[in-house]
Amino acid sequence: MKYVIVGASAAGLATAESIRKADNAGEITILTKESYLPYSRPSISYYLKGVVSEKDMYLRKPSFYKDKKINIITDCNVTKIDTEKKVVKAGRKEYPYDKLCLATGSKPFIPPMKNVEGNKNALTFLDLAATKAVKKLANSETKAVVIGAGLIGMKAAEGLSKVCASVDVVELAPRVLPSILDEKSAKSVKAFLEENKINFHLENNVKEAKSEKGKITEVILKSGEVLPCDLLILAVGVRPETELAEKAGLEVNRGIIINNETMQTSNEDIYAAGDCTVSVDMLDGANKIIALWPNAVNQGMIAGNQMAGGELMADGAYSVNAIDFYGLRICTCGLINAKGEQYSDKIKTVGDSYKRLVFEDNKLVGFVLINSSENAGIYTNLIANKIDLSTLVGDIMDTPSLFMFDKDTRTNKLTGGMAL
């Protein structure tokens with residue numbers, strides 16, 4: 001059996017490992033357009049600020065791939081999938097497959113901005129190559145501007161603040177980290193980030209840039225404010241990388257459409273996993289792009305097992321985030337910004353800690369924990385197992401350990417939990 005995987009990040013590596021567990025003899029080939037073996041993308045901000053070295057970012061040692069007989073081909077730009085001949089084409093080379101997995105990830109979304117693209121100091125921040133380019137330009141005299149206050153933009157801003165003279169963040173939304181924070185928690189996080197010398201320009205965007213000799217010197221905001229700029233980071237967001245899938249005739253709607261239990265695409269011999277796919281959120285049933293590392297790993301594991309003839313099925317996807325900024329620990333899960341009469345929430349603040357739990361009737365469906373992550377595993381378990389809170393004892397805001405027991409039988413209902 002010949003297995004080909006396009007993409008070598010979280011989903012691609014998980015797919016290969018899962019195949020090898022189920023099939024000791026199959027031929028596994030991973031094709032990646034990057035120049036590096038699989039590495040931790042979440043580590044790029046730590047690499048930028050000098051906390052980790054490049055060698056510490058790699059997910060497996062080179063000997064691992066040799067031992068597991070996984071052939072990784074770097075600098076390989078896949079251009080076409082011939083579904084009739086069952087070959088993947090990269091330039092003049094062809095890679096035949098019996099089963100194929102697309103783990104192509106996502107690409108930066110760059111909105112139209114006058115005189116921005118094409119300048120040497122206008123860079124993205126999504127992979128190691130881009131981060132190396134950023135690191136080469138950043139120094140103690142650099143005035144950096146980051147477009148986007150989402151997860152990618154804020155990790156870029158944090159890394160740059162350790163290196164640059166100033167960091168300004170421009171965000172179209174009215175709050176920072178809009179995808180994972182509610183309005184109240186976003187205010188406190190913004191204030192904390194400002195204490196660490198990050199300047200924000202919310203409900204704003206870059207209208208145009210001024211440049212000299214191929215380098216941006218300043219940017220003009222929609223508000224009319226002018227910011228000096230030696231380095232511009234484009235971190236507005238990402239979009240699923242679906243071009244190969246579309247050309248191959250696979251079903252695509254924003255992302256690659258998959259069977260959410262098996263990761264199989266509209267072609268029975270092609271699977272997909274990770275940021276390039278559309279997932280069904282198990283909490284509200286909505287089709288979403290859940291571009292998160294844990295989801296990519298889980299989907300890759302399922303895809304690989306299925307490709308090798310296994311019977312592993314996915315339980316369902318939902319958003320989980322665990323991230324820190326300057327030591328401020330933020331954990332979020334589920335439906336953070338749910339709207340509708342069926343949803344309610346409870347909030348508790350003590351000092352610099354913040355806890356918000358979101359409920360749908362008698363079930364926990366989301367949480368935001370800031371400097372309050374000690375019970376994140378229990379809360380995640382309540383969400384994942386859709387536990388009816390009326391069957392449990394105790395105060396969910398204060399004594400989650402009591403939720404380990406059913407109030408009638410006093411038997412253990414929740415075991416373990418997801419460590420965040």
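This write-up is about the structure you can find in this document. (Residues numbered from 1 in each chain as written. Predicted model: local features only at pLDDT ≥ 70, side-chain atom pairs only at ≥ 80, totals over all residues. Heavy atoms only, no water.)

## Structural notes on unusual backbone geometry
Heads up, the condition is: Secondary structure elements follow DSSP: runs of H or I no shorter than four residues count as helices, runs of E no shorter than two count as strands, and numbering proceeds from the N terminus. Burial classes: relative accessible area under 20% of the type maximum marks a residue as buried, over 50% as exposed, and values in between as partly exposed (1.4 Å probe, protein chains only).
Positioned with a positive phi, Lys69 is a non-glycine residue whose angle comes to about 55°. Position of Lys69 relative to the elements: it lies in the loop between α3 (62-67) and β3 (70-73). Residue class for Lys69 comes out exposed when judged on its relative accessible area of 63%. Here Met263, not a glycine, exhibits a phi torsion of approximately 70°, which is positive. Inspection of the secondary structure puts Met263 in the loop between β19 (255-257) and β20 (270-272).

## Examining the packing of helix α1 (residues 10-22) against helix α8 (residues 293-307)
Counted only if it meets this: Here, axes are lines fitted to C-alpha atoms. For helices the fit covers the stretch in contact, and angles between N-to-C directions go from 0 to 180 degrees. Note: crossing handedness is left-handed where the near helix turns anticlockwise from the far helix by less than a right angle, and right-handed where it turns clockwise. Should any heavy atoms of two residues lie within 4.5 Å, those residues are considered in contact. Each residue receives one of three labels: charged for Asp, Glu, Lys and Arg, nonpolar for Ala, Val, Leu, Ile, Met, Phe, Trp, Tyr, Cys and Pro, and polar for the others, Gly being one of them.
Two elements in contact, α1 and α8, have axes whose closest approach is 7 Å; the angle formed by their N-to-C orientations is 35°. Here α1 runs over α8; the crossing is right-handed. Listed contacts from α8 to Ala10, Ala11, Ala14, Thr15, Ser18, Ile19 and Ala22 of α1 are Trp293, Ala296, Val297, Gly300, Met301, Ala303, Gly304, Asn305 and Met307. Partitioning the contact of α1 with α8 into residue classes produces 11 nonpolar, 5 polar and no charged.

## Section: the pairing of strand β2 (residues 27-31)
Where we set the bar: Two strands qualify as a pair provided that DSSP identifies no fewer than 2 bridges between them. When the strands point away from the viewer, a crossover counts as right-handed if the path from the first strand over the helix to the second runs clockwise.
Burial runs high along β2: 4 of the 5 residues are buried. Note that strand β1 (residues 2-6) and β2 share 5 bridges and pair parallel. The residue of β2 that forms the bridge with Val6 is Leu31. As for the winding sense of the linkage, the β-α-β connection from β1 through α1 to β2 is right-handed. Inspection of the sheet shows β2 paired to β3 by 4 bridges, in the parallel sense. Across the sheet, Ile30 pairs through a bridge with Ile72, a residue of β3.

## Quick notes on the pattern of salt bridges
Where we set the bar: For this analysis, a salt bridge means a side-chain nitrogen from Lys or Arg found within 4 Å of a carboxyl oxygen belonging to Asp or Glu.
Evaluation of the coordinates by the stated rule reveals 16 salt bridges. In this structure, the salt-bridge partner of Asp281 is Lys288, at a minimum N-O distance of 2.9 Å. Judged by relative accessible area, which is 25%, Lys288 ranks as partly exposed. Across the salt bridge formed by Lys288 and Asp284, the nearest N and O atoms sit 3.2 Å from each other. What makes Asp284 partly exposed here is its relative accessible area of 36%. Overlapping salt bridges, with partners in common, bring together Lys49, Lys155 and Glu158 in one network.

## Re the pairing of strand β21 (residues 277-280)
As paired strands, β19 and β21 are joined by 2 bridges and run parallel to one another. Bridging across to β21, Ile257 finds its partner in Val278. Summarising the sheet, β21 and strand β22 (residues 287-288) pair through 2 bridges and their orientation is antiparallel. Following the sheet pairing, Ser279 is matched in β22 by Lys288.

## A short note on the nonpolar core
Spelled out, the test is: Put simply, a nonpolar core is a bunch of buried Ala, Val, Leu, Ile, Met, Phe, Trp, Tyr and Cys residues held in one set by side-chain atoms that sit within 4.5 Å of each other.
Of all hydrophobic cores here, the largest spans 45 residues; its most connected members are Ile5, Ile70, Ile81, Val88, Leu100 and Leu102. Top contributing element to this core by residue count: α1, with 5 residues. Excluding anything up to four places from it in sequence, Ile81 contacts Val87, Tyr97, Leu100, Leu102, Leu244, Ala248 and Ile270. Of all hydrophobic cores here, the second largest spans 42 residues; its members include Tyr39, Leu48, Phe125 and Ile323.

## Side note on empty space enclosed by the protein
Put simply, the rule is: Think of a 1 Å grid over just the protein atoms. A cavity is a set of points where a 1.4 Å probe fits yet cannot get out, a pocket is an open set with protein on both sides within 12 Å along at least five of seven lines, and lining residues have an atom within 4 Å of a point. Grid points are joined across faces, edges and corners, and a volume is the space filled by probe spheres set on the points.
For the structure shown, the criterion picks out 2 cavities of 30 Å³ or more. Of the volumes computed, that of the largest cavity is approximately 50 Å³. Space inside the second largest cavity adds up to approximately 40 Å³. Along its surface, the second largest cavity is lined by Pro108, Phe125, Leu126, Ile152, Leu234, Ala235, Val236, Gly237 and Val238.

## Remarks on α8
For the α-helix, the turn length of 3.6 residues means that residues three or four positions removed from each other point alike. To keep things clear, this is the line we draw: Given a helix with a known number of residues, its expected span is that number minus one, times 1.5 Å.
Over its 15 residues, α8 extends 21 Å from the first C-alpha to the last, a length consistent with the 21 Å expected when each residue adds 1.5 Å. The complete set of buried residues in α8 reads Asn295, Ala296, Gln299, Gly300, Ile302, Ala303, Gly304, Asn305, Gln306 and Met307. The secondary structure elements touched by the buried residues of α8 are β1, α1, β7 (99-102), β20 and β21. Looking one or two places after α8, you find Gly309, whose phi comes out positive at around 90°.

## Quick notes on the side chain of Asp82
Our working rule: Neither His nor the chain ends contribute to the count of charged residues, in which Lys and Arg are positive and Asp and Glu negative.
Locating Asp82 in the fold gives a position in strand β4 (residues 80-82). No salt bridge is formed by the buried Asp82. Its closest oppositely charged neighbour is Lys89, at 4.3 Å. If we skip the residues at most four places from it in the chain, Asp82 touches Val87, Lys89 and Tyr97.

## Some words on the packing of aromatic side chains
Basically, it comes down to this: Here the aromatic set is Phe, Tyr and Trp, taking the six-membered ring for Trp, and pairing holds for ring centres within 6.5 Å; pairs whose planes are under 30 degrees apart are stacked, those over 60 apart are edge-to-face, and all others are tilted. A ring has a charge above it when a Lys NZ or an Arg CZ is no more than 6 Å from the ring centre and no more than 35 degrees off the ring normal.
A complete count under the given rule lists 4 aromatic pairs for this structure. For the ring pair Phe64 and Tyr65, a centre distance of 5.3 Å and an interplane angle of 85° mean the geometry is edge-to-face. For the pair Phe64 and Tyr65, a shared accessibility class is recorded, and that class is buried. In this structure, Arg60 is placed above the aromatic ring of Phe64, and the distance from its NZ or CZ to the ring centre is 5.6 Å. Lying across the ring of Tyr47, Lys135 places its NZ or CZ 4.3 Å from the centre.

## So, helix α4 (residues 128-137)
Note the cut-off: Along the arc lie the directions from the helix axis toward the C-beta atoms. Pairing of N or O atoms within 3.5 Å defines a polar contact, subject to two protein rules: one partner must be a possible hydrogen donor and the other a possible acceptor, and residues neighboring in sequence count only if both atoms are side-chain atoms.
Among all positions of α4, only Leu128, Ala130, Thr131 and Val134 are buried. Across the axial projection of α4, the buried residues extend over an arc of 155°, all falling on one side. In this structure, the buried side of α4 is in contact with α2 (44-48), β9 (122-124), α5 (151-161) and β16 (231-234). Capping the start of α4, Asp127 holds a side-chain oxygen 3.4 Å from the backbone nitrogen of Ala129, two or three residues further along.

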